[in-house]
Amino acid sequence: MKVDVLLGLQWGDEGKGKVVDVLTPRYDVVARFQGGPNAGHTLEFEGKKYVLRSIPSGIFQHGQINIIGNGVVLDPVLFQEEAEALERSGIDLRKILKISKKVHLILPTHRLLDAANERAKGGAKIGTTGKGIGPTYTDKISRNGLRLGDTLHDFDKKYEAAKSRHIAMLTAMGETPEFAELEDKWIKAIDYLHTFDIIDSEHYINRCLAEGKSVLCEGAQGTLLDIDFGSYPFVTSSNTITAGACSGLGVAPNKIGEVFGIFKAYCTRVGSGPFPTELFDETGSKIRAIGHEYGAVTGRERRCGWIDLVALRYAIMINGVTQLIMMKSDVLDTFDTIKACVAYKIEGEEVCDFPYSIEEDTIEPVYVELPGWKTDMTKMKNEDEFPAEFAAYIQFLEKQLNTPITIVSIGPDREQTILRK
Ligand code: GDP
Ligand code: IMO
Ligand code: MG
């Protein structure tokens, strides 16, 4: 059996949570492989809305096993809040959720370091989610991290050593760290975590595959936030790409099957960093208002712009995308025309390959303008109902991206999803 991967092709918030939920009935196992509570994955069905941060989006279907894989960074306090809220709404999480012993723990002091690093950067700040993601992955890579498995033996000593190191770093930065209340909650939350099934998830997943079970991996963030290939340094601290599913779960590259690449019919970004097709005018505000483009985790305004096909082609290449999923086209339902960036103009020359730097002052997007479909599509059930202009827009994108669009999402609800033939 192969492992399918679903991941974002833009700067995150493409709608991954919604589609993982829709696809879950096809799978036995759903697994997160990177990121942490910087993610906010929204699902809507039966009139209810849920936002998941660390827990995979496959928990609401029919008892599939959900795994938090080794590549994830986990904040015990935020995990407990998320899990308790789900338990209150009737989800028996302990039956379906397994957590890797190798996940790295976000400590209270990691959150403080995240904030201190941002303050130190001043005007050049990343605009992180403030969840301690960067400092936790930094500790992982510098071989100073604490893993969930560490909490099972002789943990106090390890925790105290990590805490002292962080306090020294914070003090050197001129900070006066105060976190007694959070620390208290954090230590209790470790006990709460121990009530879940903590496993060697790489063995578990490979056993599932050997038994013929199917696995869907759920990406967090997006390709343009990838630590290697994103708009560095304005990125997150993990590999958000298909390769991240291999290292974040212990799945060999030759086990990867379909790669679902998900994108919005336009583009958004939250936090700092370059965004060549960003709109600062009324059109940008209109997209934000209709698309409710505010962060699921931080509530921050998302920056909005036109779809960027140069960046999408790059993301498709890096990830080996086999199928595309287009989200939120309904947001453009009232637009007279729609623009798509097909190339960048750099120093007077048209460039189609995503360049090393996408700083706005060096890049001018080259747009193609397409007619809008001017039709409310939100209640459509079948692609045969698509207006001609919308069908033409899809055809245009498929040709530009050389990859089929197999799913179109026309609203936030689970039901507002059209599977194409
Ligand atoms: P994720 O992080 O990739 O899971 O995406 P988010 O949940 O952060 O952001 C996507 C937002 O768009 C959420 O509020 C979803 O409920 C909403 N959404 C998802 N698909 C659609 C769609 O097709 N149309 C509209 N209008 N909203 C959608
Ligand atoms: P989902 O999974 C959108 C952005 C932050 C910031 C940068 C680094 O919901 O798509 P971090 O806290 O990771 O160190 O922040 O990455 N960012 C996201 N933007 N969606 C996300 O997740 C994001 N996770 C991080 O805004 O610019
Ligand atoms: Mg999100």
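### Focus on the layout of surface pockets
Where empty space is left becomes clear once a probe the size of a water molecule has been rolled over the atoms.
Here's step 1: Of the voids in this model, the second largest pocket is the one considered here, and its volume is about 580 Å³.
Here's step 2: What lines the second largest pocket is a set of 27 residues, among which T42, E44, G291, K328 and P412 lie closest to the centre.
Here's step 3: At the level of elements, α1 (16-23), β3 (41-45) and β4 (48-52) are the ones that each hand at least two residues to the lining of the second largest pocket.
Here's step 4: Element by element, the count of residues in the lining of the second largest pocket is highest for β3, at four residues.
Here's step 5: By residue class, the composition of the lining of the second largest pocket is eight nonpolar, 10 polar and nine charged.

### Quick look at the nonpolar core
Here's step 1: Core analysis: the biggest nonpolar cluster contains 60 residues, and L309, M326, F390, Y393 and L397 have the highest contact counts within it.
Here's step 2: With six residues, the top contributor of residues to this core is helix α12 (residues 388-401).
Here's step 3: Setting aside anything within four residues of it in sequence, one finds M326 in contact with F263, A265, F390, Y393, I394, L397, I405, I407, V408 and S409.
Here's step 4: Residues I59, F79, L105 and Y192 belong to the second largest nonpolar core, which totals 35 residues.

### Overview of the packing of aromatic side chains
Here's step 1: With the rule as written, the count across this model stands at 16 aromatic pairs.
Here's step 2: Residues Y344 and F354 carry aromatic rings whose centres are separated by 6.4 Å and whose planes lie at 50 degrees to one another, so their mutual orientation is tilted. Remark: F354 occurs in the loop between β17 (349-351) and β18 (363-371) and Y344 occurs in strand β16 (residues 337-346); sequence separation between them is 10 residues.
Here's step 3: Judged by relative accessible area, Y344 falls into the buried class, the value being 0%.

### Regarding the coordination of the magnesium ion (ligand 3)
Here's step 1: The coordination sphere of the magnesium ion (ligand 3) contains the protein donors D13 (OD) and G40 (O), at a distance range of 2.1 to 2.2 Å. With D13 in the loop between β1 (3-8) and α1 and G40 in the loop between β2 (29-32) and β3, the pair connects residues that are 27 residues apart, well separated along the chain.
Here's step 2: Here D13 falls in the partly exposed class, since its relative accessible area comes to 23%.

### Considerations on the packing of helix α4 (residues 108-121) against helix α5 (residues 133-141)
Here's step 1: One can describe the packing of α4 onto α5 by two numbers: an axis separation of 7 Å at closest approach and a directional angle of 110 degrees. In terms of their interaxial angle, α4 and α5 are classed as roughly perpendicular. Between α4 and α5 the crossing geometry is right-handed. Residues H110, L113, D114 and N117 of α4 lie in contact with α5, whose contacting residues are I133, P135, T136 and D139.

### Observations regarding the site of ligand 2
Here's step 1: Around ligand 2, a shell composed of 21 residues is seen, among which D13, K16, H41, T129 and T236 lie nearest.
Here's step 2: D13 places a polar main-chain atom, nitrogen or oxygen, 2.7 Å from an oxygen atom of ligand 2.
Here's step 3: Of the residues belonging to the shell around ligand 2, the class tally is eight nonpolar, 10 polar and three charged.

### Quick notes on the site of ligand 1
Here's step 1: Taken together, 19 residues lie near ligand 1, and G15, K16, T42, D330 and S409 sit nearest.
Here's step 2: Separating an oxygen atom of ligand 1 from a backbone N or O atom of G15 is a distance of 2.8 Å.
Here's step 3: Take G17: an N or O atom from its main chain is 2.9 Å from an oxygen atom of ligand 1.
Here's step 4: Within the complex, the protein chains bury 93% of what would otherwise be the 580 Å² of accessible surface of ligand 1.
Here's step 5: Mapping ligand 1 onto the cavity grids shows that it belongs to the second largest pocket.
Here's step 6: Only α1 and β3 provide two or more residues apiece to the shell around ligand 1.
Here's step 7: Tallied by class, residues from the shell around ligand 1 come to four nonpolar, seven polar and eight charged.

Criteria and cut-off values
- Within every chain, residues take consecutive numbers counted from 1 along the sequence as written.
- Chains and ligands are labelled by the order in which they are written, letters from A for the one and numbers from 1 for the other.
- The predicted origin of the model limits local features to residues at a pLDDT of at least 70 and limits the giving and counting of side-chain atom pairs to 80 or more, whereas totals for whole chains, interfaces and linings rest on all residues.
- Side-chain numbers come from the whole structure's heavy atoms, not from hydrogens or water.
- Only protein atoms enter the calculation, which uses a 1 Å grid: trapped sets of points that fit a 1.4 Å probe without letting it out are cavities, open sets showing protein on both sides within 12 Å along at least five of seven lines are pockets, and any residue with an atom within 4 Å of a point is a lining residue.
- Grid points are joined across faces, edges and corners, and a volume is the space filled by probe spheres set on the points.
- Strands are runs of DSSP state E lasting at least 2 residues, helices are runs of H or I lasting at least 4, and numbering of each runs from the N terminus.
- Here the term charged refers only to Asp, Glu, Lys and Arg, the term nonpolar to Ala, Val, Leu, Ile, Met, Phe, Trp, Tyr, Cys and Pro, and the term polar to all other amino acids, Gly among them.
- Grouping buried Ala, Val, Leu, Ile, Met, Phe, Trp, Tyr and Cys residues that are joined through side-chain atoms within 4.5 Å yields what is termed a nonpolar core.
- Exposed residues in this analysis have more than 50% of their type's maximum accessible area, buried residues have under 20%, and partly exposed residues fall in between, with area computed by a 1.4 Å probe over protein chains only.
- Note on contacts: a residue pair qualifies if any of its non-hydrogen atoms lie within 4.5 Å across the two residues.
- Centres within 6.5 Å make a pair out of two Phe, Tyr or Trp rings, where for Trp the six-membered ring is used; the pair is then stacked when the planes are under 30 degrees apart, edge-to-face when over 60, and tilted otherwise.
- Coordinating N, O and S atoms are those within 2.8 Å of the metal (3.2 Å for Na, K and Ca), and as water is not part of the atoms, a site may appear to have fewer donors than expected.
- Where helices are involved, their axes are fitted lines through C-alpha atoms of the stretch in contact, as for all axes, and angles between N-to-C directions lie from 0 to 180°.
- Should an angle lie under 35 degrees it is considered roughly parallel, over 145 roughly antiparallel, and from 65 to 115 roughly perpendicular; all remaining angles are considered oblique.
- Whether a crossing is left-handed or right-handed is set by the direction in which the near helix is turned from the far one by less than a right angle, anticlockwise for left-handed and clockwise for right-handed.
- We call a residue near a given molecule or strand whenever any one of its heavy atoms falls within 4 Å of it.
- Each polar contact in these results corresponds to two N or O atoms within 3.5 Å; when the atoms are within protein, one needs to be able to donate a hydrogen and the other to accept it, and residues that are neighboring in sequence are counted only if both atoms are side-chain atoms.
- Residue exposure ignores everything except the shown protein chains as possible cover, and the areas themselves are Shrake-Rupley values with a 1.4 Å probe.
- In this description, a molecule resides in a pocket or cavity if more than half of its atoms sit within 2 Å of the grid points defining it.

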